[in-house]
Amino acid sequence: MSGELRTMNYEQRTLRSVRVAIFFLSLVIGAFAALAGRCFYLQYFKNGYFLDVCLKQQEGLLPLKPQRGVILDCRGRVLAASNKIHTIFAEPRVIKDPKSTSTDLASIVDMGAHEICKLIMDGKNPGFVKIKADADVNQCSAAGKIYGVGVWSDWLRLYPMGYLAAHVVGFTSVDNRGLGGIELQYDKEIRGSAAEDVFLADVYRRPVRPKQQNGILADGVGIILTLDTTIQEFAREALIKQYKDYQAESAIAIVAEPKSGAILALVSLPDFDPADARSTDPNNFRNRAITDQFEPGSIIKPVVAAIAVDAGVVNKVEKIFCENGSYSGKGFGRIGEYRQGFGDLTVREILINSSNIGMAKIGQRVGRDRLYEGLALFGFGRKAGIDLPGEADGLLRPAREWTGYSVTRVPFGQEISVTAIQLLRAFCILANGGHAVRPYLVKAMVGNEGQIIKLKQPTPPVGYVIKPEVARWIVTDAMVGVVNEGTGKRAKLEKWQVFGKTGTANIARSDQKGYSEDDYIASFVAGAPVEDPAIIVLVSIRKPNKRLGKGYTGGAVAAPVAAEIVEKALTYLEKRGGGDW
Amino acid sequence: MRFPFRFVFVVFCFAAILIFAAYLRGAGNRVFYKLWSINTEESRLKQQLWQKQLQLESLINPAAISERLGE
């Protein structure tokens, strides 16, 4: 009996154990089945969603900004270049304890903790507050480890020469877009093309696999100018001294190679520092050598004389009666001289003495149509075509609008409006034997590997604006006479024979008719050596202060500046061994 | 008694191979990251050299020399 009872109890316990086991096994199977179902659901139904989340987490995007191309002078000196700078910034919206972050950061960036805290708390942008610009590698590395602090890298445009060639080089905006000068004119070539690097990153955001690149990264091309910064410095130094001494409103100086039209120097005052363009008076951005139009006055006389001799209406030896200082007639009013009156003068003497009446009579002989055509051939009334933005056309009214006044006034530089670059071109034509030239600044464009993309080839002379013998005579005889005997004596040099012409132009009144008696533009154009002109220099100073009593004429104000530039430039070019434009 | 040692050895080798395979799987990523770091460093050094050159240019350009001569 007891044996049967034991057996029955054992069977009951066994059955209970099996049931418990089955129960727990069912739970386990059920759990696994649920997991399997969940896996199936995630993998099949939610695949797309989690793939997106995964890609967003794993993908990294790195914008690749191209390096802006360099701008060099003809000797390879850097005028403008870009360099990468690293900026340490804070992200206020994720910083829970600004004081603690500031304390950690203070020792790294060598700034006061209080100052950093103030920047973080007062920052208008909750995502970016600049703490330190141009940080070094160690500072960046240490700062990046602090939560809420990051490092931003960007290109910074640098101008090592500062004021020196500001108007030629131009300047850029904060987002590296050209806003003036060569920076603007060739912005498309200089700025390069950006790209985006897409890669896969690990949990620490380290790139582990490339994915794709959107766009092609290409750094900007380099630009080599015809400018020589040594000559530019000579020009600026001489000009700025006179500009300040005479308290002038503005001044310009241009130096060019007459055979090719290559610009060796171009100075416009007042100028600015391209690195500090944001705090500059916007008026200073004007490149007055190409934007400012003015009545040139007597400085244009050699051009008109050349047109007249070339047309055969006057010859080199005949004398023209200059009415002893007062010339009037029907249709052209009364013309006087600046100083004394003259009797009979040759064309050479008219230029040496800068006789207005002599030029008026020459203009009458040439006639309206030929005079207009001649001036148009010399490039007046249209852009010179220099590769800088903002060039003005000047004003040469069509011949049909000319009156008797025009035919007599234009020859001595009134009723015509020119820019300095147009004047310079005209004298380059005279100096190089009558060949047309176009002033230019860009010598070559160079790619990132040093390959030449574009090279300005010297163009062979084709055709003449005026006959070579006429041009030679005007330069070697008449304009040399101006410097040796006439109004340009202050441009005389010992070592080289300089040729030139002065100009003292009245400035028209803005409030009423007629010209101001106090405001002048003093100009001088010079070239040397006369045997084979290597350079042409144009200096123009607007509104020298007459009340200082130091003079106001082209011969007094502008000629000494031109002489100084010519002397220094030729000495330098001699030592340098000439140029290959 | 040899049986447990052989079993342990097989399991050990198998585990080692699996670990090595997992390590190799990430080798490409490590190499890519190393390459990326080296390229970044090279770029940084180039920029540093360029910065030195620009500093030198700002010291020896005609404007700077003229200013120093004037002083």
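Rules behind the numbers
- Residues numbered from 1 in each chain as written.
- Chains lettered and ligands numbered in written order.
- Predicted model: local features only at pLDDT ≥ 70, side-chain atom pairs only at ≥ 80, totals over all residues.
- Domains from an automatic or database assignment.
- Contact = placed C-beta atoms within 7 Å.
- Helix = DSSP H or I, 4+ residues; strand = E, 2+ residues; numbered from the N terminus.
- Nonpolar A, V, L, I, M, F, W, Y, C, P; charged D, E, K, R; others polar.
- Buried ≥ 20, exposed ≤ 12 C-beta atoms within 10 Å, placed from the backbone.
- Axes fitted to C-alpha atoms, helices over the stretch in contact; angles between N-to-C directions.
- Parallel < 35°, antiparallel > 145°, perpendicular 65-115°, else oblique.
- Left-handed = near helix turned anticlockwise from the far one by under 90°.
- Expected span 1.5 Å × (residues − 1).

**Q** Explain the domain arrangement of chain A to me, and be specific about the residues and the numbers.
**A** Segmenting chain A into domains produces domain 1 (78–160) and domain 2 (229–576). Just the C-alpha atoms count here: the centres of domain 1 of chain A and domain 2 of chain A sit 53 Å apart.

**Q** I'd like to hear about the interface of chain A and chain B, residue by residue, with values.
**A** Listed per partner, the contact involves 20 residues of chain A and 15 residues of chain B. Of all the secondary-structure elements, those providing two or more residues to the side of chain A that touches chain B are β3 (78–90), β7 (207–214) and α9 (229–245) of chain A. Among the residues making up the side of chain A that touches chain B, the classes are represented as ten nonpolar, four polar and six charged.

**Q** Hey, could you go over unusual backbone geometry for me, with residue numbers and the actual values?
**A** Residues and elements named next belong to chain A. Look at the link from Leu-269 to Pro-270: it is a cis peptide, with omega at 0°. In this fold, Pro-270 is placed in the loop between β10 (263–269) and α10 (288–291). The peptide bond linking Ala-528 to Pro-529 adopts the cis configuration, its omega dihedral lying at -15°. Positive phi values are uncommon outside glycine, yet Asp-110 reaches one of about 55°. Structurally, Asp-110 can be placed in the loop between α3 (98–109) and α4 (113–122). Judged by C-beta crowding, with 9 C-beta atoms within 10 Å, Asp-110 ranks as exposed. Despite not being glycine, Glu-323 has its phi angle at roughly 55°, a positive value. Mapped onto the fold, Glu-323 is located in the loop between β11 (320–321) and β12 (326–329). Assessed through the 20 C-beta atoms surrounding it within 10 Å, Glu-323 is described here as buried.

**Q** Account for the environment of Ile-263 of chain A, naming residues and giving values.
**A** Residues and elements named next belong to chain A. Note on placement: Ile-263 falls in strand β10. With 27 C-beta atoms packed within 10 Å, Ile-263 lands in the buried category. If we ignore the near neighbours within four places in the chain, the residues touching Ile-263 are Thr-226, Leu-227, Ile-254, Ala-256, Pro-439, Tyr-440 and Leu-441.

**Q** How would you sum up the packing of α3 of chain A against α4 of chain A? Please name residues and give values.
**A** All names here are of chain A. α4 packs onto α3 with a crossing angle of 130° between their chain directions and a minimal axis gap of 8 Å. Taken together, the axis directions place α3 and α4 in an arrangement best described as oblique. α4 is crossed by α3, and the crossing has right-handed handedness. Here Pro-98, Lys-99, Thr-101, Ser-102, Thr-103, Leu-105 and Ala-106 of α3 lie close against α4, whose contacting residues are Ala-113, Ile-116, Cys-117, Ile-120 and Met-121. A breakdown of the residues in the contact of α3 with α4 according to their chemical character gives eight nonpolar, three polar and one charged.

**Q** Tell me about α9 of chain A, and please be specific about residues and values.
**A** Between the first and last C-alpha of α9 of chain A there are 24 Å, a value that for 17 residues agrees with the 24 Å anticipated at 1.5 Å per step. One or two steps after α9 of chain A, the chain reaches Gln-247 of chain A, where phi turns positive at roughly 50°.

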